[in-house]
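Remarks on the overall topology
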Amino acid sequence: MSAQEAQAELIDEFSLFDNWMDRYQYIIDMGKQLPAFPEDLKSPETKIDGCQSNVWMHHQRQGETLHFDATSDAAIVSGLIAVLMRIYNDRTPGEIVETTPRFLEDLGLDKHLSPTRSNGLHAMLTRIYSVAEQERVAG
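Residues numbered from 1 in each chain as written. Predicted model: local features only at pLDDT ≥ 70, side-chain atom pairs only at ≥ 80, totals over all residues. Heavy atoms only, no water.

What follows concerns the environment of D106. Structurally, D106 is set in helix α5 (residues 103-107). For the pair D106 and F14, spaced 92 residues apart in sequence, the C-alpha separation works out to 9.6 Å. (Helix = DSSP H or I, 4+ residues; strand = E, 2+ residues; numbered from the N terminus.)

In C-alpha cells, the structure reads:
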C-alpha cells in the first residue's frame, strides 16, 4: 500500500465516526497500538522540540526505506504518532517527500486540535520530511 493509499484508507475510517469525541478516542486507541519505544533511544537527539508533551522519534534506514519509531507521554499525541507512522513509516525517502499530508485537512485535524497539539504534529511532520530529504540526498 502506498502512502497515498494509506491516507485514503485512514480518511475512510474516520468518516465512520459521527463526532469528534469518537474520532479522538479512535486516535488514542491507535496510539495504544504503537510498538514499545526503547528507553535508551530517549535522548536529546531523538526528542522533538515544539511539542507540548514529550515526543521522541528515532529513524533508521532499512534497505531502500526509512523506518521510524516514536513515542510520547501523552495519549492523544501517541495517537497522532500512530497516524503519521501509518502514512509515512517504511517508505522510501522519495515517497515520503512527495506525500503531501492532505489528511490534516481531510480529517479535520487542522481545525480540531489545540494550537499546541497542532504545533507538535507539525514538528513531527517536519522531522519526518527533514530526515527523508537528507536520506534522499545522501542516496
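Evaluated as defined, the whole model comprises eight salt bridges. Among the salt bridges present, the one from E39 reaches K42, with a minimum N-O distance of 3.1 Å. With relative accessibility at 32%, the residue K42 sits in the partly exposed group. Close ionic contact of R136 with E133 constitutes a salt bridge, the shortest N to O distance being 3.1 Å. Taken together, the positions of R136 and E133, both in helix α7 (residues 115-138) and three residues apart, correspond to about one turn of that helix. Overall, the relative accessible area of 37% leaves R136 in the partly exposed class. Sharing partners across several salt bridges, the network here consists of E9, E13 and R86. (Salt bridge = Lys/Arg side-chain N within 4 Å of Asp/Glu carboxyl O. Buried < 20%, exposed > 50% of the residue type's maximum accessible area, 1.4 Å probe, protein only.)

Turning to the pairing of strand β2 (residues 65-72), a few remarks are in order. Burial analysis of β2 places six of its eight residues in the buried class, the great majority of the element. Pairing between strand β1 (residues 55-62) and β2: eight bridges, direction antiparallel. Residue pairing for β2: W56 is matched across the bridge by T71. Between the end of β1 and the start of β2, which pair antiparallel, lie two residues, with G63 showing a positive phi angle near 65 degrees. (Pairing = 2+ DSSP bridges.)

Attention shifts here to the packing of helix α1 (residues 3-14) against helix α2 (residues 20-32). The axes of two packed helices give the description: the angle between them and the distance between them. In the contact formed by α1 and α2, the axes pass within 11 Å of each other and the chain directions differ by 130 degrees. By the angle class used here, α1 and α2 are oblique. Here L10, E13 and F14 of α1 lie close against α2, whose contacting residues are R23, Y26, I27 and M30. (Axes fitted to C-alpha atoms, helices over the stretch in contact; angles between N-to-C directions. Parallel < 35°, antiparallel > 145°, perpendicular 65-115°, else oblique. Contact = heavy atoms within 4.5 Å.)

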